[in-house]
Amino acid sequence: MLLSLVPLLLLMVRGSRATHFLGTMMTYYPEETHADGSVSVILRYKLNFVSCTDFDIWQCGGNCGTQNQTLALSVVEEVSGEWCQREGAITRLLPNNTGFQTVLASGNWILNIQNGIVSWRAVTDVELRNRSDNGKPNTSPQTTILPALRIPSNCPKTINLLAFDPDGDEVKCRYGNTSDSECNPCTPPSVLNLSSSCSLLFNPTNSSAELPYAVQLVMEDFPTQNITLTKTDGSQEVKTTSDAISKIPLQFVLKVGPTVPSCTEGLYLPRFLSPTPSNRAQLYTPAGQTLEITIRAEATQSNVTGLLYSGPYNMVRGSSGPGNFSLTWTPSASEEGQSHPVCFVVQTSVFGTLFHSDLRCVIVTVGNSPITQSPIVVPPTASSTTALMSPTTSPTLNVTSRPTTMTPALNATLLPTFATPNATDRTLAPTSAPGPQYVIALNMKVSTTLSLDNDSNTIINLIKTKLVERGLPPDISLRLLSNNQVVVTTASHQQKSSNIEKN
């Protein structure tokens, strides 16, 4: 029986060296520091192979503690015959907050890689010592990427990668260093120039064939001021703004394809349309509440064939017609406070040749949207309150036989959370979830036949109804601060000017 098992195991090892790799990435989040000094950390990673059955294992070195595979490899996205991206998660319980390193190394990349990369190697340095600026263990930069991006060979392009740091650190990108064993080898693509701000500039080649390049990057977080890192045993180390705190790998394939008749977006190459969120936008959604990201794109001279994305494994893609897509995701309570990256492209086809839109990425933070700036005082102009109500109309509120109308406010103090002009924006950054309360003063003119003395509650409720219709949360409360009542000569009509406070 043992003799029959040996050849099978050998075949499994040899099979792992097939030409099927298209890159990887890893991020980490500290979970909890326990009373005994032990620390738990969750490592999320994505593996990109040709097939959804291929795999490799991250190897840990240093203060590794014990490991629990909290998420088995799960498919994020698959393009049949080209690539499959899967997400996994490992939780490690460490005896103390000393860092460790984890490595993914084997072979081989897909065939015909132009910059001569055969074997793969990716390295993550995990730093968990407590930071002096926030009193917490360090969190790595957060990013993701599709396994392969397509660029026509005759079009200059800039790929702005997602580079977000939950600690507020500055994130910088560089190519891997062969002498530091960060890849094997780390030869960069000759067609790309990389900036430290994580943007890749493609130089046109006018090639008629599809040529793949391996892109092997390292992301590092740098403090914006000098900080002290403290170990469990009390020893400390100062990190300056020139010192990297941690590093994560970001590896993928760039496919430089045949030329396109025009590089203008919206013709052959897809162009994003509103309300698609801007690149590197930060969105918020509470745990347990479904987030919907609406994505629209057009290409008048080619066929839009689909949306490709990289994000959480349980994100769901939807489509309501050519060029109209959505991504929905419901975070769990265990993800409260964490930030998750999402990247996507729209794909088009022209006589069998595939083209991608620009890479578009967002970061989704699980929790309520914070207010990090002072209220914005809007000048007293007619257009100053367009976020609340249209300046060109005077909405009518019908109350039995006594209609009440409101004209737009002449001046207002607005908080950014409430400036939500449409339902789509409210979906992307929910404002109705429980959270901090804020006060806004609003000056408005109200024309009504109601009595301010006898019907003030009715007037307040009507104003609230209109504000909710215009996008404010339904749980706001209003209070009348003062009023300047003006009696009009018409017996059945009064005009009143009121100052309203809502919170």
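Above this text sits the structure in question.
Residues numbered from 1 in each chain as written. Predicted model: local features only at pLDDT ≥ 70, side-chain atom pairs only at ≥ 80, totals over all residues. Heavy atoms only, no water.

### Considerations on empty space enclosed by the protein
Over the atoms, a rolled probe matching the size of one water molecule traces out where space is still vacant.
Now for step 1: All told, the structure shown has five cavities of 30 Å³ or more when counted by the stated rule.
Now for step 2: There is about 120 Å³ of room inside the largest cavity.
Now for step 3: In terms of lining, the largest cavity is formed by Leu 149, Arg 150, Ile 151, Pro 152, Lys 157, Thr 158, Ile 159, Val 345, His 356, Ser 357, Asp 358 and Leu 359.
Now for step 4: The element contributing the most residues to the lining of the largest cavity is strand β9 (residues 148-152), with four residues.
Now for step 5: Of the residues belonging to the lining of the largest cavity, the class tally is six nonpolar, three polar and three charged.
Now for step 6: In this structure, the second largest cavity occupies an estimated 80 Å³ of space.
Now for step 7: Together, 13 residues line the second largest cavity, and Thr 27, Arg 44, Lys 46, Glu 87 and Pro 341 are the ones closest to its centre.
Now for step 8: Taken together, the elements giving at least two residues each to the lining of the second largest cavity come down to β1 (21-33), β2 (39-49) and β24 (339-350).
Now for step 9: Taken together, the residues of the lining of the second largest cavity break down into four nonpolar, six polar and three charged. (1 Å grid on protein atoms, 1.4 Å probe; cavity = no way out; pocket = protein on both sides within 12 Å on 5 of 7 lines; lining within 4 Å. Points joined across faces, edges and corners; volume = space filled by probe spheres on them. Helix = DSSP H or I, 4+ residues; strand = E, 2+ residues; numbered from the N terminus. Nonpolar A, V, L, I, M, F, W, Y, C, P; charged D, E, K, R; others polar.)

### Some remarks on unusual backbone geometry
Now for step 1: Of note, the bond from Gly 107 into Asn 108 is cis; its omega dihedral lies within 30 degrees of zero at 10°.
Now for step 2: Mapped onto the elements of the fold, Asn 108 is located in the loop between β6 (100-107) and β7 (119-126).
Now for step 3: Here Cys 198, not a glycine, exhibits a phi torsion of approximately 70°, which is positive.
Now for step 4: Looking at the secondary structure, you find Cys 198 in the loop between β12 (192-194) and β13 (199-202).
Now for step 5: On the accessibility criterion, Cys 198 (0% relative accessible area) is buried.
Now for step 6: At Asn 206, a residue that is not glycine, the phi angle is positive and equals roughly 55°.
Now for step 7: Mapped onto the elements of the fold, Asn 206 is located in the loop between β13 and β14 (211-222).
Now for step 8: Residue classification places Asn 206 among the exposed positions, given a relative accessible area of 54%. (Buried < 20%, exposed > 50% of the residue type's maximum accessible area, 1.4 Å probe, protein only.)

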